[in-house]
Amino acid sequence: MALTGGSVPPTGRRPKIMLIEDDADLVAMCDAYLTRAGFLVRVAADSRSALAGFQHPCDLVVLDLGLPDGDGLDLLRSLRQGDDTLPVIVVTGRGEEADRVVGLELGADDYLVKPFFLRELVARIRAVLRRAGREAPSPAVIHVGGIVIDTGAHVIRAAGEAIELTPREYTLLEFLATTPGRVYSREQLLSHVWESSVEWQAPATVDEHVYRIRRKLTSAGVNMPKITTVRGFGYRLDT
Ligand code: CA
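What you see is a predicted model, and the numbers here were worked out from it, not measured in a lab.

Trainee: I'm lost on empty space enclosed by the protein in this one. Help?
Mentor: One simple way to see leftover space: roll a probe sized like a water molecule over the atoms. Enumeration over the complete set of coordinates arrives at one cavity of 30 Å³ or more. Lining the largest cavity we find Leu19, Glu21, Leu26, Cys30, Val62, Val91, Phe116 and Leu121. Partitioning the lining of the largest cavity into residue classes produces seven nonpolar, no polar and one charged.

Trainee: What should I look at first to understand the environment of Gly107 in this one?
Mentor: Here Gly107 shows up in the loop between helix H4 (97–105) and strand S8 (110–113). Using a relative accessible area of 26% as the deciding quantity, one classes Gly107 as partly exposed. Sequence separation between Gly107 and Arg77 is 30 residues, and the spatial gap between their C-alpha atoms is 8.6 Å.

Trainee: What am I meant to see in the confidence of the model for the protein here?
Mentor: Predicted coordinates in areas of low pLDDT are best not read in detail. Of the residues in the protein, 95% reach a pLDDT of 70 or more, and the chain-wide mean stands at 88. Confidence drops under a pLDDT of 50 for residues 1–10, and excluding neighbours within four residues, the segment shows 28 contacts in the predicted structure.

Trainee: Which parts of the structure should I look at to understand the sheet that holds S8?
Mentor: In sheet architecture, strand pairing relies on hydrogen bonds along the backbone and comes in two forms, parallel and antiparallel. Taken together, five strands build an open sheet; the order of strands is S3-S2-S4-S7-S8 and the sheet is parallel. Two strands lie at the open edges of the sheet, namely strand S3 (40–44) and S8, each paired on one side alone. Ignoring strand direction, the axes of neighbouring strands in this sheet form an average angle of 20 degrees. Both strand S2 (residues 16–20) and S3 contribute to a ladder of five bridges, which runs parallel. When the sheet's bridge partners are listed, Leu19 is paired in S3 with Val43. Strands in contact with helix H1 (residues 24–36) are S2 and S3; relative to S3, the strand with the most contacts, it is inclined by about 160 degrees. Against the sheet, H4 contacts strand S7 (88–92) and S8, and its axis sits at roughly 165 degrees relative to S8.

Trainee: I tried to follow the coordination of the calcium ion on my own but got confused; where do I start?
Mentor: Of the protein atoms, only Asp22 (OD), Asp64 (OD) and Gly66 (O) coordinate the calcium ion, at distances of 2.2 to 2.3 Å. Motif for the calcium ion, donor spacing along one chain: D-x41-D-x1-G.

Trainee: Is there a simple way to explain the sheet that holds strand S13 (residues 184–185) in this structure?
Mentor: Strand order across the open sheet formed by three strands is S13-S15-S14, with antiparallel pairing between neighbours. Edge strands, defined here as strands with exactly one partner in the open sheet, are S13 and strand S14 (226–230). Here S14 runs beside strand S15 (residues 234–238); their pairing, made up of five bridges, is antiparallel. Across the sheet, Val230 pairs through a bridge with Gly234, a residue of S15. Across the sheet, helix H8 (residues 204–219) lies against S14 and S15, angled at about 145 degrees from S14, the strand it touches most.

Trainee: How should I be thinking about the domain arrangement of the protein in this particular structure?
Mentor: By convention, interface size is frequently given as the accessible area that disappears when the constituent parts associate. What the domain assignment reports for the protein is domain 1 (16–131) and domain 2 (141–238). Domain 1 and domain 2 are separated by 28 Å when their C-alpha centres are compared. Contacts between the two partners involve 10 residues from domain 1, matched on the other side by 14 residues from domain 2. Broken down residue by residue, the surface that domain 1 buries against domain 2 is led by Arg36, Phe117 and Arg119, which jointly contribute 52%. Run the count over domain 1 and domain 2 and you get two salt bridges. Two residues, Glu195 and Arg119, come together in a salt bridge whose shortest N-O distance is 3.3 Å. Summed over the shared surface of domain 1 and domain 2, the result is four residue pairs in polar contact (both at pLDDT 80 or more). Residue assignment for the side of domain 1 that touches domain 2 shows that the elements contributing at least two residues are H1 and helix H5 (118–131). It is H1 that contributes the most residues to the side of domain 1 that touches domain 2, six residues altogether. The residue inventory of the side of domain 1 that touches domain 2, partitioned by class, reads seven nonpolar, no polar and three charged.

Trainee: For this particular structure, what's the right way to read the packing of aromatic side chains?
Mentor: Counted according to the given criterion, the structure contains two aromatic pairs. Ring centres of Tyr33 and Phe175 lie 6.3 Å apart, and the angle between their planes is 40 degrees; this geometry places the pair in the tilted category. Linking Tyr33 in helix H1 with Phe175 in helix H6 (residues 167–178), this pair joins segments that are 142 residues apart in sequence. With relative accessibility at 7%, the residue Tyr33 sits in the buried group. On the basis of relative accessibility, which here comes to 4%, the residue Phe175 falls in the buried class. Judged by centre distance (4.8 Å) and plane angle (55 degrees), the ring pair of Phe175 and Tyr184 falls under tilted. The residues Phe175 and Tyr184 share a single accessibility class, namely buried. Three or more aromatic residues joined by ring pairs form one cluster here, namely Tyr33, Phe175 and Tyr184. Of note, Arg100 hangs over the ring of Tyr111, and the distance from its end group to the ring centre comes to 4.4 Å.

Calculation rules
Residues numbered from 1 in each chain as written. Predicted model: local features only at pLDDT ≥ 70, side-chain atom pairs only at ≥ 80, totals over all residues. Heavy atoms only, no water. 1 Å grid on protein atoms, 1.4 Å probe; cavity = no way out; pocket = protein on both sides within 12 Å on 5 of 7 lines; lining within 4 Å. Points joined across faces, edges and corners; volume = space filled by probe spheres on them. Nonpolar A, V, L, I, M, F, W, Y, C, P; charged D, E, K, R; others polar. Helix = DSSP H or I, 4+ residues; strand = E, 2+ residues; numbered from the N terminus. Buried < 20%, exposed > 50% of the residue type's maximum accessible area, 1.4 Å probe, protein only. pLDDT = per-residue confidence, 0-100. Contact = heavy atoms within 4.5 Å. Pairing = 2+ DSSP bridges. Axes fitted to C-alpha atoms, helices over the stretch in contact; angles between N-to-C directions. Donors = N, O, S within 2.8 Å, 3.2 Å for Na, K, Ca; no water. Domains from an automatic or database assignment. Buried area = accessible area lost by both parts, 1.4 Å probe. Salt bridge = Lys/Arg side-chain N within 4 Å of Asp/Glu carboxyl O. Polar contact = N/O pair within 3.5 Å; in protein donor to acceptor, adjacent residues only side chain to side chain. Phe/Tyr/Trp six-rings, centres within 6.5 Å; stacked < 30°, edge-to-face > 60°. Lys NZ or Arg CZ within 6 Å of the ring centre and 35° of its normal.

Laid out in structure tokens, this is it:
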């Protein structure tokens, strides 16, 4: 089933991810991104709702160790007492080396340090699920307006024809298409698409890439989706 501005759900079962994180903005981004990648996401914003949520089965837990109502490590400890096979990826802030080590000692399967890239989160989840012998969804095919994005083959087509994009242009368009309607600043795009920052890369790089993608979409006869400039903030993909 093709959804306008949506993605084709990968065939097969959608693994359930329990995301325990109190940063609402990060949750919104991860939720949208993971859903597009073929996962079912349940969110708990603190230890208490996480404990309540564990009564429902899930396939993998992404656990932020800095929670408002207690230590994420305590939560991991009680989780491991109940189930020592459930895959867990812990998330720590920068400079919380000790937490990361304790997390791994307590049986976490992997860790991510904030700020992390959404693509990296998905890659880690897939790898941990595979190691645990649990099924990971196949990469999604995203239908957005007049284009089809094959995230497995890294190809974008319009009317069946591949649009010639550089790897960076592809990654930028795919990233925006994963969360249509959401505005990203140039700094956020540098971070998520270039895995860089304003100290290393001029924000004008983003503008140049957007300009080239727009030109290529236009010459491929694509009116929608389009990358819209949001004055004073950045860009979003409209579908
Ligand atoms: Ca937190």
